[in-house]
Amino acid sequence: MSVKKTNLTYLLFLLPFMVLIVLFELLPLLSIVINSVSPIGTSGFTLNHFSSIFASDYYMMSIRNSLLIAVFSSLIGLVVAVLGAYAIHHATPKVKQFFINLINMTSNFQGIQLAFAFIILLGNAGVLVLIGQQMGIDFLANFDVYSSTGILLTFVYFQIPLATLLMYPSFDAIHQEYKEAAMLLNASQFSFWMRVGIPIVLPSIFGTFSVLFSNALAAYATPYALMGNNYALLPIRISAMFTGDVVQQVELGSALSVILLLLMSVMTVISTNLLKKMRKEG
């Protein structure tokens, strides 16, 4: 079979995938961008929707809350995941397989079911809250899951398994030979990790943080099931613009969607440039 026929065969196999990309990603993205700069009810070009967003404390609060929760949940989840990934790296094969299977299952436990689980545990009449009231544990008895702390806790919960799955392969790059060589040179454990260990896993840490940030920034089902429209987050505000019971503001919702995409894109670009720089220096 000639090279030309082989390439044609590959293109035919890729055709269904390309159709899905065009129909469910590129066309909706194009529609959002066009609507974000379209005047309401008429044709033309305007940036008034973006001006309204940045001039409104209501929408700026949503952007600020989304960024804060995305950053803090990503950082907390990443710290826990690094420790967990390091422990998995040193575990026996059977223990490692058990934890990997467990993390795979918990990484899929998010969305509405996760919100309901937290309501059952930490809601106003939740199991842990009632236990805290009976045993005099003030932290549990007074915990408010319907708050910024509750939202952050749910986000951290689904960030940790994802981050661990992304991080644990990076520790396999730290070979035993590196540690033995460091010992022969009389290097301490601290020196080894500062000069060898951390530089090896640092690209994975930055890449994982970028994924976690985007994952948290766009999360919708869990905070909506937990708080409804009572908490200002960017995805919830966007949804309200498209599914409003009384008034739908498609153009304004599209502008908010563009801002969300830009925030995710900025983080991706920063992470990519940092990874390229570290690889060149390495």
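Residues numbered from 1 in each chain as written. Predicted model: local features only at pLDDT ≥ 70, side-chain atom pairs only at ≥ 80, totals over all residues. Heavy atoms only, no water.

Looking now at the overall build of the chain. Broken down by element type, the chain carries 13 helices and zero strands. Reading the secondary structure of the chain in the N-to-C direction produces α-α-α-α-α-α-α-α-α-α-α-α-α. The dimensions of the chain, computed from C-alpha atoms along their principal axes, are 75 × 75 × 35 Å. Per-residue burial over the chain gives 35% buried out of 282 residues. Restricting to contacts in the chain with at least 6 residues of sequence separation, those with at least 24 account for 67%. As presented, the chain carries roughly 16,900 Å² of accessible surface, and 69% of it is formed by carbon and sulfur atoms. (Helix = DSSP H or I, 4+ residues; strand = E, 2+ residues; numbered from the N terminus. Buried < 20%, exposed > 50% of the residue type's maximum accessible area, 1.4 Å probe, protein only. Contact = heavy atoms within 4.5 Å. Areas by Shrake-Rupley, 256 points an atom, 1.4 Å probe, with all protein chains shown as cover.)

A contiguous nonpolar patch, built from Leu-15, Val-19, Leu-20, Val-22, Leu-23, Phe-24, Leu-26, Leu-27, Leu-30 and Ile-34 and spanning about 920 Å² of accessible area, is present on the exposed surface. Of the residues examined, Leu-23 reaches a relative accessible area of 46% and is grouped as partly exposed. (Patch = residues over 30% accessible without salt bridge, like charges linked within 9 Å, V, L, I, M, F, W, Y side chains within 5 Å. Salt bridge = Lys/Arg side-chain N within 4 Å of Asp/Glu carboxyl O.)

All right, on to the packing of helix H5 (residues 112-122) against helix H8 (residues 148-171) then. If you want to describe how two helices pack, look at the angle between their axes and the distance between the axes. Relative to each other, H5 and H8 sit at 125 degrees, their axes nearing to 11 Å. Put simply, H5 runs oblique to H8. Considering how the two elements wind past one another, H5 and H8 form a crossing that is right-handed. Residue-level inspection shows Leu-114, Phe-118 and Leu-122 of H5 in contact with H8, the latter providing Leu-153, Thr-154, Tyr-157 and Phe-158. (Axes fitted to C-alpha atoms, helices over the stretch in contact; angles between N-to-C directions. Parallel < 35°, antiparallel > 145°, perpendicular 65-115°, else oblique. Left-handed = near helix turned anticlockwise from the far one by under 90°.)

Among the secondary structure elements, Ser-271 is positioned in helix H13 (residues 250-281). According to the relative accessible area criterion, Ser-271 is buried, its value standing at 7%. A distance of 3.5 Å separates a polar side-chain atom of Ser-271 from the backbone oxygen of Phe-206. Sequence-distant contacts of Ser-271, that is, excluding residues within four places in its chain, are made with Phe-206, Gly-207 and Ser-210. (Polar contact = N/O pair within 3.5 Å; in protein donor to acceptor, adjacent residues only side chain to side chain.)

To continue, consider the packing of aromatic side chains. Applying the stated criterion across every chain yields a total of ten aromatic pairs. Aromatic side chains Phe-98 and Phe-99 sit 5.4 Å apart centroid to centroid with 75 degrees between the ring planes, which places their arrangement in the edge-to-face category. The exposure class assigned to Phe-99 is partly exposed, which follows from its relative accessible area of 35%. Residues Phe-192 and Trp-193 carry aromatic rings whose centres are separated by 5.7 Å and whose planes lie at 80 degrees to one another, so their mutual orientation is edge-to-face. Neither Phe-192 nor Trp-193 differs from the other in exposure class; each is buried. Here the aromatic residues Tyr-86, Phe-171, Phe-192 and Trp-193 are joined through ring pairs into a cluster of three or more. (Phe/Tyr/Trp six-rings, centres within 6.5 Å; stacked < 30°, edge-to-face > 60°.)

Right, let's talk about the nonpolar core for a bit. If you look at the biggest cluster of nonpolar residues, it comprises 53 residues, and the most contacted ones within it are Ile-53, Ile-151, Phe-155, Phe-171 and Leu-256. When neighbours within four sequence positions are excluded, Leu-256 is seen to be in contact with Ile-53, Tyr-59, Leu-234, Arg-237, Ile-238 and Met-241. (Core = buried A, V, L, I, M, F, W, Y, C linked by side-chain atoms within 4.5 Å.)

Looking at H5, one finds that the buried residues are Leu-114, Ala-115, Phe-118 and Leu-122. All buried residues of H5 fall inside an arc of 100 degrees around its axis, so they share one side. (Arc of directions from axis to C-beta.)

With that out of the way, let us pick up the environment of Gly-207. Position of Gly-207 relative to the elements: it lies in helix H10 (residues 189-217). Note: C-alpha distance between Gly-207 and Ala-163 (44 residues apart in sequence) is 10.0 Å. Those residues in contact with Gly-207, other than ones at most four positions away along the chain, are Ser-271 and Leu-275.

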